[in-house]
Every structure is written in structure tokens, then in C-alpha cells.
Amino acid sequence: MRFQSTCPSAAVMMLLSAAGWAGAPQPFSDDLSLDWDGKRMEWLNEGVDVRIGYVSETATNAQGGDRELVRYTDQITFSAMFDLEKLLGLPQATFKLAITDRNGENLSSDANLQSLQQVQELYGRDQTWRWTQFWYQQKYLDGLVTWKIGRITDGEDFAAFSCEFMNLTFCGAPVGNIVGSYWYNWPVSQWATDVKISLKGVGYFQIGAFDVNSDYLQNKYSMDLWRPGNSSGVLAPVEFGWLPMFGDGLNGSYKLGAWYNSSTAPDVAENVNGLPLLIDGGRPLMRHGQYGAYVNFLQQLTAPSANRGLSVFFNATYADTRTSRQDNQLAVGLLYKGPFDLRPTDKLGFAIGRTHVNSRIANVETEANTTNPGSVGVQGYEYTGEVFYGAQVTRWLELRPNVQYVAQPGGIARNTNDVIVGVRVTAGL
């Protein structure tokens, strides 16, 4: 009877969720959710965790771009997590589904900022409804082994990183920021499976297999649960995670990972005759396989209380130079939760990063300028900085104003630097 009484509620409310951003699904904590007059807790006790999340990002270019504009974009996420042990008697089993809806406009393109990384990470992958998660997870050997299968986003398990900042350089799994043509971060999911092995006292090791298929990006398949045709290969990421604790509650997370995509992809600089594409044109040389490696480090430095403290992070991602237009990205920053005694749930963040355009492309651009000086901007590094302050206005609402500075947008030194002023609004219901 418990299962029968819970299922109708679950069926009606299965679209309710925790919020997620472009790069990473970030569920609201219980401190950023309403209890719905006791209903949420009642369903949770029955085995159904139901949530709704809203995030918006509004930004204006105080400097840079063709013209000064204000642009707004948002995302509503609906999801539910089902504890199948409580509902069906399946030990250590869970099922998760999430649907997202994105709306709005993109300052990066509309103002022609020319930046490599979006200044509103929330915009992207078309403004539409999507099946974002639809997976089953089973634990074995008292949680020592975890197996997941279904529609999964690459960045929720591999190279997973928070999305505290508004510039895409510092948001979500960094791999998707530079090789997004086949590594699909939130809200795009793929049919996939992965296995995670817990290494007691050390951390974990995990490996996955994701269907690589550009059709997942198309609007006509956005609400299609089943895999569309046209698969080009398999993306196989691996990751080792070390999870130490130093001193009195100073948690750390140190991830080292790599990936291989079995798809065939065009060379970024050469045609089939070994000549530069930019100058001689023709069909690109096709390369078999795409690959890279990454590190994600996060370490808490202070712990004045259980829920407060200063942390530092460092991300480095490298992709193969045969097929990747952007071949590496670095980011480092500080995050402080509860910076003031009177504001224990506020957050303060600062980060700097750089994104690099493949030097093989820059070499061809330089060659093109020898015959026609100034015809092409030579691309190199784009440098980005951001600072934000997140004010917890109520239990369910946060306002997070921020300022971004983008030097050499597009990696081109002659481009005007961008100054972006924005605000993120986050609400959990």
C-alpha cells in the first residue's frame, strides 16, 4: 500500500527537481528548498525526492563588443530521485530523472564579444526542453561498487566540477568547455554506462562508455529518450580520485582523468594534401580518435565551522592538437562559504583562467598574414577573471552579482577587452 499511495504523487510530480547549470547538475541543498507544507519531507520518507529549480543570468557589457546590450537567460529544472529500496524493495538501487527548459538570449553572440568562452554559461545547446537525466544506479558489496546506466551527462560523473561562477571558463566539467563537439555537459545527455569502485581510505576509480552522436544536440531529439541514429563512436573516460582529509575537517578532492573518443574527426589545420586549410581550402584531413587528459583539484583551507570555510581549486585540461581548436584550459580560484559571521550562508568567489587556441591554427593564421598583412587575427590565449558575491536573501533565494574581465577575447591581442557586469538569481522550490 505504501508503494501504491506514493506512485500517483510521483507520477504527477516527477518533473520537479534540483537546479542544474550548463556545465554541472548542482542540486540545491535542503537549506535552499521549501518543504511544501510538509509534503516534500513526507514524499522523501516514502522514497521520492522531488524538486524544482530556477536559475537566471543577466549580463551587460560595460566594455567590449560591437554595442552595449543587456541580455537575460534562464533555466528551469524539474527532477525526482526515487529510492527503489523503499519503493520496490530493491536494495541499494536508485532511479533519477530530470527535464530542463532553457530560455533567453546570449550576450556573447548578440554583442559580438568574440570570446572563446561564454560570459553566461547558462545559455547554450539551444533554448528548449530536454531530457537531461534518465538513469538507474545500483550499488553492490555494501557500496564498494556502483553501476549506473541510462541517459547521463558526461560531466556529472567525470571531471565533475561546481558551477559557482557565471563565465563558462569556471563552470562545470572543463573538458566540455574545449571539446564540446563530443563531450556533452549539462543539459545534454547521452546513453551511457559507468562503473565506480570505491577505494576505502583512498578514494575511487571509475570508467565509463558514452554514445557519441551529434543528433543529441538537435532540437527535434531533445525530448526523445531513445537514441537517435548516426552514432559516430564511443567516448570512454577514466578517472582516479583521491579524497583526503587534512587536519580538523579540511576535505580535499584530487581527480586525475583521461578520455578517448573512437570517432573520426577533421584535422583543424590541414587538408587531405597536407596543406593549410585556411589558405588552400579543400577537404580536411580526417583523423581517427580524439583524446585528452585533465586534473581537477579542490582543497578546503579553513574550517571555522562545519558549514563554513575557504577553499582553493585548480583545473587543467589538455586535448589533442590534431582535432581540437581549443587545446588546453587552466583555471584557479578561491571560494569562501560564510565569509562573515553575520552572513554564514553567503558565498564569495574569485577566479582567473586562460583558454588556448591550438598553435597549429595560429601558425597558419600567421602564414596567411605574410601574404595579406592584417587579414587574419592570430589566435593565442584568452584570459578571464571573475569575482562574485552570493547573498542568501531567504531560505530559497540567492542573488549573486558578479564582474568579469576578459582579456584578448578570442585569443586575439588586437580585440578590445571585455568588462561584463552581471547577476545570477537562484531559487529552489
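Since the structure is predicted, the reported quantities are computational estimates derived from the model, not experimental observations.

(A) Spatial organisation of the overall build of the protein. Along the protein, the regular secondary structure elements total seven helices and 17 strands. The C-alpha atoms of the protein give 22 Å as radius of gyration, which agrees with the globular expectation for 429 residues (22 Å, within 12%). Structurally, the protein occupies a C-alpha span of about 80 × 50 × 45 Å along its principal axes. For the protein, long-range pairs separated by at least 24 residues make up 64% of all intrachain contacts whose partners lie at least 6 apart in sequence. Entry remark: accessible area of the protein is about 18500 Å², with carbon and sulfur atoms responsible for 60%. Charged side chains in the protein number 33 positive and 42 negative. The centres of these two groups are separated by 2 Å.

(B) Fine view of the nonpolar core. Counting residues in each nonpolar core, the largest one holds 17 residues, and the members touching the most others are Val 175, Val 179, Trp 183, Leu 235 and Trp 259. Excluding residues that lie within four positions of it along the chain, Trp 183 makes contacts with Arg 125, Asp 154, Gly 155, Phe 158, Ala 159, Ala 173, Val 175, Gly 176, Leu 235, Pro 237 and Trp 259. Listed in part, the 13 residues of the second largest apolar core include Trp 43, Val 48, Leu 84 and Ile 99.

(C) How the structure looks around the environment of Pro 237. Here Pro 237 is to be found in strand S8 (residues 233-242). Sequence-wise, Pro 237 and Asn 363 are 126 residues apart; in three dimensions their C-alpha atoms are separated by 31 Å. For Pro 237, the residues in contact, after removing those within four places along its chain, are Phe 158, Trp 183, Gln 206, Ile 207, Gly 208, Ala 209, Phe 210, Ala 258 and Trp 259.

(D) Structural context of the packing of aromatic side chains. For the structure on display, the rule yields 19 aromatic pairs. Ring centres of Phe 158 and Phe 210 lie 6.1 Å apart, and the angle between their planes is 80 degrees; this geometry places the pair in the edge-to-face category. One end of the pair, Phe 158, is in the loop between strand S5 (145-152) and helix H5 (174-178); the other, Phe 210, is in strand S7 (residues 203-212), and 52 residues separate them in sequence. Taken as a pair, Phe 158 and Phe 210 share a single burial class, namely buried. Both rings, one in Trp 191 and one in Trp 226, keep their centres 5.8 Å apart while their planes meet at 5 degrees; by these two values the pair is stacked.

(E) Layout of the pairing of strand S6 (residues 190-199). Direction of pairing for S5 relative to S6: antiparallel, over a ladder of eight bridges. Looking across to S6, one finds that Arg 151 is bridged to Trp 191. Bridge analysis of S6 against S7 gives eight bridges, and the strand direction is antiparallel. Looking at the pairing, Asp 194 lines up with Gly 208 of S7. Remark: three residues form the turn of the hairpin made by S6 and S7, two consecutive strands paired antiparallel; Gly 201 in that turn has positive phi of roughly 80 degrees.

(F) Geometry of the state of the cysteines. Evaluated as defined, the whole model comprises one disulfide. Residue Cys 163 pairs covalently with Cys 171 via a disulfide, S to S 1.7 Å. In this structure the cystine formed by Cys 163 and Cys 171 twists about its S-S bond by roughly -90 degrees; its chirality is therefore left-handed. Cys 163 gets classed as buried once you look at its relative accessible area, which sits at 1%. A residue is classified by how much of its surface remains accessible, and Cys 171, at 0% relative accessible area, is buried.

(G) A look at the pairing of strand S16 (residues 397-407). Pairing analysis gives eight bridges linking strand S15 (residues 381-392) to S16, with the strands arranged antiparallel. When the bridges of S16 are listed, Phe 388 appears paired with Asn 402. Taking the residues between adjacent antiparallel strands as the criterion, S15 and S16 are bridged by four residues. Where S16 lies against strand S17 (residues 418-428), 10 bridges are found, and the strand directions are antiparallel. Note on S17: the bridge partner recorded for Leu 399 is Val 425.

(H) Molecular detail of the environment of Asp 341. Summarising the element assignment, Asp 341 is placed in the loop between strand S13 (326-337) and strand S14 (347-357). Taking C-alpha positions, Asp 341 is 9.8 Å from Pro 304, a pair spaced 37 residues apart along the chain. Reaching out from Asp 341, the side chain makes a polar contact with the side chain of Arg 308 at a distance of 3.1 Å.

(I) Structural detail: a nonpolar patch on the surface. Together, Val 195, Ile 197, Leu 199, Val 202, Phe 205, Ile 207, Phe 240, Trp 242, Phe 246 and Leu 256 make up an exposed nonpolar region whose accessible area comes to about 770 Å². Broken down by secondary-structure element, the contributors of at least two residues to the nonpolar patch are S6, S7 and S8. When residues of the nonpolar patch are assigned to their parent elements, the largest contribution, three residues, is made by S6. Of note, Val 195 is situated in strand S6. A relative accessible area of 31% means that Val 195 is categorised as partly exposed.

(J) Up close: the pattern of salt bridges. Applying the stated criterion across every chain yields a total of 16 salt bridges. Among the ionic pairs, Glu 164 bridges to Lys 347, the shortest N-O distance being 3.1 Å. With Glu 164 in the loop between S5 and H5 and Lys 347 in strand S14, this pair connects stretches of sequence that are 183 residues apart. Within the structure, one salt-bridge network assembled from shared partners comprises Glu 164, Lys 347, Glu 398 and Arg 400.

(K) The side chain of Ser 263, seen in detail. With respect to the helices, strands and loops of the structure, Ser 263 is situated in strand S10 (residues 250-271). Look at Ser 263 and you get buried, because its relative accessible area is 3%. Within the structure, Ser 263 has its side chain in polar contact with the side chain of Ser 232 (distance 2.9 Å).

(L) Looking closely at the confidence of the model for the protein. Mean pLDDT for the protein: 90, with 92% of residues reaching 70 or above. Counted against residues more than four places away or in other chains, residues 1-32, with its pLDDT under 50, gives 103 contacts.

Calculation rules
- Residues numbered from 1 in each chain as written.
- Predicted model: local features only at pLDDT ≥ 70, side-chain atom pairs only at ≥ 80, totals over all residues.
- Heavy atoms only, no water.
- Helix = DSSP H or I, 4+ residues; strand = E, 2+ residues; numbered from the N terminus.
- Rg over C-alpha atoms; globule rule 2.2 N^0.38 Å.
- Contact = heavy atoms within 4.5 Å.
- Areas by Shrake-Rupley, 256 points an atom, 1.4 Å probe, with all protein chains shown as cover.
- Lys, Arg positive; Asp, Glu negative; His and termini not counted.
- Charge placed at Lys NZ, Arg CZ, Asp CG, Glu CD.
- Core = buried A, V, L, I, M, F, W, Y, C linked by side-chain atoms within 4.5 Å.
- Buried < 20%, exposed > 50% of the residue type's maximum accessible area, 1.4 Å probe, protein only.
- Phe/Tyr/Trp six-rings, centres within 6.5 Å; stacked < 30°, edge-to-face > 60°.
- Pairing = 2+ DSSP bridges.
- Disulfide = S-S within 2.5 Å.
- Polar contact = N/O pair within 3.5 Å; in protein donor to acceptor, adjacent residues only side chain to side chain.
- Patch = residues over 30% accessible without salt bridge, like charges linked within 9 Å, V, L, I, M, F, W, Y side chains within 5 Å.
- Salt bridge = Lys/Arg side-chain N within 4 Å of Asp/Glu carboxyl O.
- pLDDT = per-residue confidence, 0-100.

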